[in-house]
Amino acid sequence: MASREKTKISDLHDNRGRLRPPTLFRLTPVVAVLNMFWAPVREFFRVLPFARFSVVVVLGALFVVYGTGQGRELEGTAFRQGIIFVAATWLLAFQTWFWARLILADRFPRDVHNQLLDTVPSSAPAADHRQHGRLQFAVNWVPRLLGLAVFGVAIVSTVIVDQTVAERMERDAILLIGVLSLSAASFAYCVIRRRHFGRGPEADGNYVSEVRSAGLIMIPLSIVTLALFTYLAITDPVGFGFYVGSGAAIFLAFSVVVPVGSYLVFLTSESGFPVIWALLIFGAVGTLFVELHDIRVTNTPPEQRPTVEQALADWYQQAPSVQYEGREVKPLVVVATAGGGLPAAHWTATILGALEDTGFGDDSCFHQHLFAVSGVSGGSLGASIFSAALAESGVGNTKFLEAPSREALSQDFLAPTIVGLMFSDVLRHLVFPIEYFFDIEDRATALETAWEYQWRAAFDNKAKTNGLAAPFTSLRTQIGRECGTWGSESIWMPALLLNGVVQETGQRLIISHLDFSGNDVPDAIDFFDHSPTDLPLSTAAHNSARFPYLSPAGTLKRANLKGHVIDGGYFENFGAATAFDLLRAIARYADRVAHNDVPILPVIVQISSDASLQYKSLEDLDPILPDRTSRFENEIRAPLIGMLAVRNARGTLAAKRLAQWSAACDRNARRGLACGASTSLAGAKFYQFQLTRDASGRSPGLGWQLSRRSIADICQQMRTVPIDSGRFQDNLANFRAITQLLTGTPQTPLADCPP
């Protein structure tokens, strides 16, 4: 019995001592075939954890380029930037390959030809030799594939940019793809050259030592490279970012991170201590002692601001009258402009600049009718660009505003932001005590400085005003222009209402030229009620346009206002809520201002920038019902999706209220009834400018860089009839209607679009 029992127990184990599965669960031929394919994959997954930092970097680069709308806008607009992009790609590919190979050579001390330091005995089972061969294949090819993947990401980023304008991009695309392909071929040649030139380990048997010796050389070189790029990024993030471009900035940042991260992974594996997690926790704890993202302020106090009633009286005194439906009225324009990154800024500046240009030289200019602009996010930036250009035109430096406003936004603003994020901010977080000794600008300051720099460049660096660098409240007291003349002091500059959100309470934080200390805008915080100092116009725009993650939350350190300001789109993304509150305040004060004289005609202009919103009329907008069910990991994704959807719904609701208020006011006026509490409003008009997809279904990427194609497409949408006028606004028709109302003649935009 004992012998039979012993035999049964031994039958339960194979020749390597592993427990055999019961007969019912042993490998069938089908599973055996599947295992033939799975076994090599298993060895790759066995090797990958040791090269995990290189894997994360490659996946991160792929996500940035292909997984975001901003990725398709990446392009090197100059030959120089194309060459830098190729060089940065090669550097990242080399770093990714080399450091993965170095770590694997240490973890798996075997050469590429299966000559083990701990050789498998010839008497070992064949399965052992096959497993060893698969392991060596994985060790050899994981680094190579990671390096080649970097070139693949770069080629993808080249192909997806402006792929439908071959006549425009063919030369640049062929140049980049050709050089990248050559670099990839050279890289592959360097990887396999040992085998073909007899320099492999079979010749000297010391391949592992060679790799480690190369590591001793590459470590100081990587340290020098990291120090050089960090110095350039800290001292001049704008110049460095503009010079290399977004694509190269991303790849250069990753290329200096790979050695550091790989070495930290090596230390973690050697010691068992989680070095990377310890550094991250150290940086997080440091934020308890150092505030890293204070908003910029000026050294001057804010200038005196008028109340809504006072501003309305000032506007009324200078506003020219026009004929409307057989009677004399004074059109009062209120603009609500939505967020949407740089596309929204371009769209807003294009519309406002074109409207101003058509009135130049006439008796009635657009800015004389424009009472205020309520902006959110990118719309706030576009409105600020327009206002700064309007002030510049008043000193005789420009006749027309659309072209310079568009030029002020035609730059790669993503690059300085990436440089500030990956170099300055990472350093300030991980080595936070450095803040006590050095003043290092964060990525928010880099972005604001880039806006100021490009605004000056739009005027050939000969601007006579400070533009976006000027104190915000000084904008309305700068020299403006009267229609047809320059150099004479205008008595009216439109007010800006830039909407941010207080992170801690969710309330609107409005930076405005108007004093809202009363109850004109309920449940909103007037920034200058709590600030003893002014702030640059660029900072005011950025406080409304703090794009999530690309821009940090700005720290508020005012007397009784402490917290953080985030993007205004968190509250609602149309700028319509504040515009609606402003219009109701205007209705309350209109009778006192007009004194039964020439009535006021509110003209509401809603600028929307979300190309995914496909509707004809905001006034008749029905509830948007979902056409499919979200299933994938909905328990995890539901809160985020719900919050974003609520934000969008709140924005469309606010815009719809604007349209409905305008329609109701117009109906009452035609019936001889009061509009709200006022009998001095001669009805109301509502116009919408809607940014849509192009003929191919493409919409501009959301971010801080636009390709040349996107810039040209945004400009053209002001000058062409939409493809589907049944679903989209006819922007050109609305433009002609507004210019006819204000000047008596329907006009079209004067400036040419970029090619």
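In what follows, the structure referred to is the one given above.
None of these values were measured; they are calculated from a predicted model. (Residues numbered from 1 in each chain as written. Predicted model: local features only at pLDDT ≥ 70, side-chain atom pairs only at ≥ 80, totals over all residues. Heavy atoms only, no water.)

Would you mind showing me how to read the pairing of strand E9 (residues 600–608) here?
Side-chain positions along a regular strand alternate between the two faces of the sheet. Burial analysis of E9 places 9 of its 9 residues in the buried class, which makes it a mostly covered element. Sheet topology note: the strand E2 (residues 327–337)/E9 ladder contains 8 bridges and is parallel. In the strand pairing of E9, Ala-336 is matched with Gln-606. Pairing of E9 with strand E10 (residues 685–690), which is carried by 6 bridges, proceeds in the parallel orientation. In the sheet register, Ile-607 faces E10, and the bridge partner there is Phe-689. (Buried < 20%, exposed > 50% of the residue type's maximum accessible area, 1.4 Å probe, protein only. Helix = DSSP H or I, 4+ residues; strand = E, 2+ residues; numbered from the N terminus. Pairing = 2+ DSSP bridges.)

Looking at this structure, how should I read the nonpolar core?
Looking at soluble globular proteins, one finds that nonpolar side chains tend to be buried together. Residues Phe-251, Leu-381, Phe-472 and Trp-704 are the most contacted members of the largest nonpolar core, which totals 125 residues. Of all the elements, helix H4 (residues 79–107) adds the most residues to this core, at 12 residues. With near-sequence residues (within four places) excluded, Phe-251 lies in contact with Ala-61, Phe-85, Ala-88, Thr-89, Leu-92, Val-150, Val-153 and Ala-154. Judged by nonpolar contacts, the second largest core, of 44 residues, contains Phe-371, Leu-497, Phe-574 and Val-598. (Core = buried A, V, L, I, M, F, W, Y, C linked by side-chain atoms within 4.5 Å. Contact = heavy atoms within 4.5 Å.)

In this structure, what is going on with the packing of helix H18 (residues 443–458) against helix H19 (residues 537–544)? I would like to understand it.
Each pair of packed helices can be summarised by the angle the axes make with each other and by the distance between the axes. At a closest axis distance of 9 Å, the pairing of H18 and H19 adopts a crossing angle of 125°. Regarding the angle of H18 to H19, the classification is oblique. Between H18 and H19 the crossing geometry is right-handed. Of H19, the residues touching H18 (which contributes Ala-444, Leu-447, Glu-448, Trp-451 and Glu-452) are Ser-538, Thr-539, Ala-541 and His-542. A breakdown of the residues in the contact of H18 with H19 according to their chemical character gives 4 nonpolar, 3 polar and 2 charged. (Axes fitted to C-alpha atoms, helices over the stretch in contact; angles between N-to-C directions. Parallel < 35°, antiparallel > 145°, perpendicular 65-115°, else oblique. Left-handed = near helix turned anticlockwise from the far one by under 90°. Nonpolar A, V, L, I, M, F, W, Y, C, P; charged D, E, K, R; others polar.)

Quick question: what am I supposed to make of unusual backbone geometry here?
For residues other than glycine, phi is negative in most cases, and the peptide bonds are mostly trans. Although it is not a glycine, Ser-377 sits at a positive phi angle of roughly 55°. Position of Ser-377 relative to the elements: it lies in the loop between strand E3 (370–376) and helix H15 (378–393). A positive phi angle, near 75°, is found at Tyr-549, a position not held by glycine. Tyr-549 gets classed as exposed once you look at its relative accessible area, which sits at 75%.

I keep staring at the environment of Ala-585 and nothing clicks. Help me out?
Structurally, Ala-585 is set in helix H20 (residues 576–594). The class of Ala-585 is buried, set by a relative accessible area of 0%. Sequence spacing of Ala-585 and Val-521 is 64 residues, and the spatial spacing of their C-alpha atoms is 8.1 Å. Look past the residues within four positions of Ala-585 in its chain and what remains in contact with it is Val-308 and Asp-520.

Honestly, the state of the cysteines in this entry has me stumped. Any pointers?
In protein chemistry, a disulfide is the covalent bond that joins the sulfur atoms of two cysteines. A full pass over the atoms with the stated rule returns 2 disulfides. Note that Cys-665 is cross-linked by a disulfide to Cys-675, the S-S spacing being 2.0 Å. Judged by the sign of its S-S torsion, about -130°, the cystine formed by Cys-665 and Cys-675 is left-handed. Residue Cys-665 is located in helix H21 (residues 634–670), and its partner Cys-675 is located in the loop between H21 and E10; the two are separated by 10 residues in the primary sequence. The exposure classification of Cys-665 matches that of Cys-675, with both residues buried. (Disulfide = S-S within 2.5 Å.)

Is there a simple way to explain the pattern of salt bridges in this structure?
A side chain of one charge can pair with a side chain of the opposite charge when the charged atoms of the two come close. Per the stated rule, a full pass over the model turns up 15 salt bridges. Here Glu-402 makes a salt bridge to Arg-719, at a shortest N to O gap of 2.8 Å. Of the two residues, Glu-402 is situated in helix H16 (residues 402–408) and Arg-719 in the loop between helix H22 (708–716) and helix H23 (731–743); the sequence distance between them amounts to 317 residues. With relative accessibility at 0%, the residue Glu-402 sits in the buried group. Note that Arg-508 and Asp-581 form a salt bridge whose closest N and O atoms lie 3.1 Å from each other. A residue pair is termed long-range when its members are at least 10 positions apart, and Arg-508 in strand E5 (residues 508–512) and Asp-581 in helix H20 qualify at 73 residues. Arg-508 gets classed as buried once you look at its relative accessible area, which sits at 7%. If you follow the salt bridges from partner to partner, you end up with Arg-305, Asp-515, Asp-526 and Asp-529 in one network. (Salt bridge = Lys/Arg side-chain N within 4 Å of Asp/Glu carboxyl O.)

Explain H18 to me, please; I cannot follow it from the model alone.
Residues three or four positions apart in an α-helix share a direction because the helix packs 3.6 residues into each turn. With 16 residues, H18 extends 22 Å from end C-alpha to end C-alpha; this agrees with the ideal 22 Å at 1.5 Å per step. Most of H18 is tucked away: 12 of the 16 residues are buried. Looking at H18, one finds that the buried residues are Arg-443, Ala-444, Thr-445, Ala-446, Leu-447, Glu-448, Ala-450, Trp-451, Glu-452, Gln-454, Trp-455 and Ala-458. In this fold, the buried residues of H18 make contact with helix H9 (237–244), H15, H16, helix H17 (414–430) and H19. Phi turns positive, to about 55°, at Asp-460, one or two residues after H18. (Expected span 1.5 Å × (residues − 1).)

So what exactly am I meant to see when it comes to H20 here?
For H20, built from 19 residues, the straight-helix expectation of 27 Å at 1.5 Å per residue is met to within 8% by its first-to-last C-alpha distance of 25 Å. Remark: the principal bend of H20, roughly 40°, maps to Arg-588. Of all 19 residues making up H20, 15 are buried, and the element is well covered by its neighbours. Trailing H20 by a residue or two, His-595 shows a phi angle of about 55°, which is positive. (Bend = angle between axes of the 7 residues up to and from the residue.)

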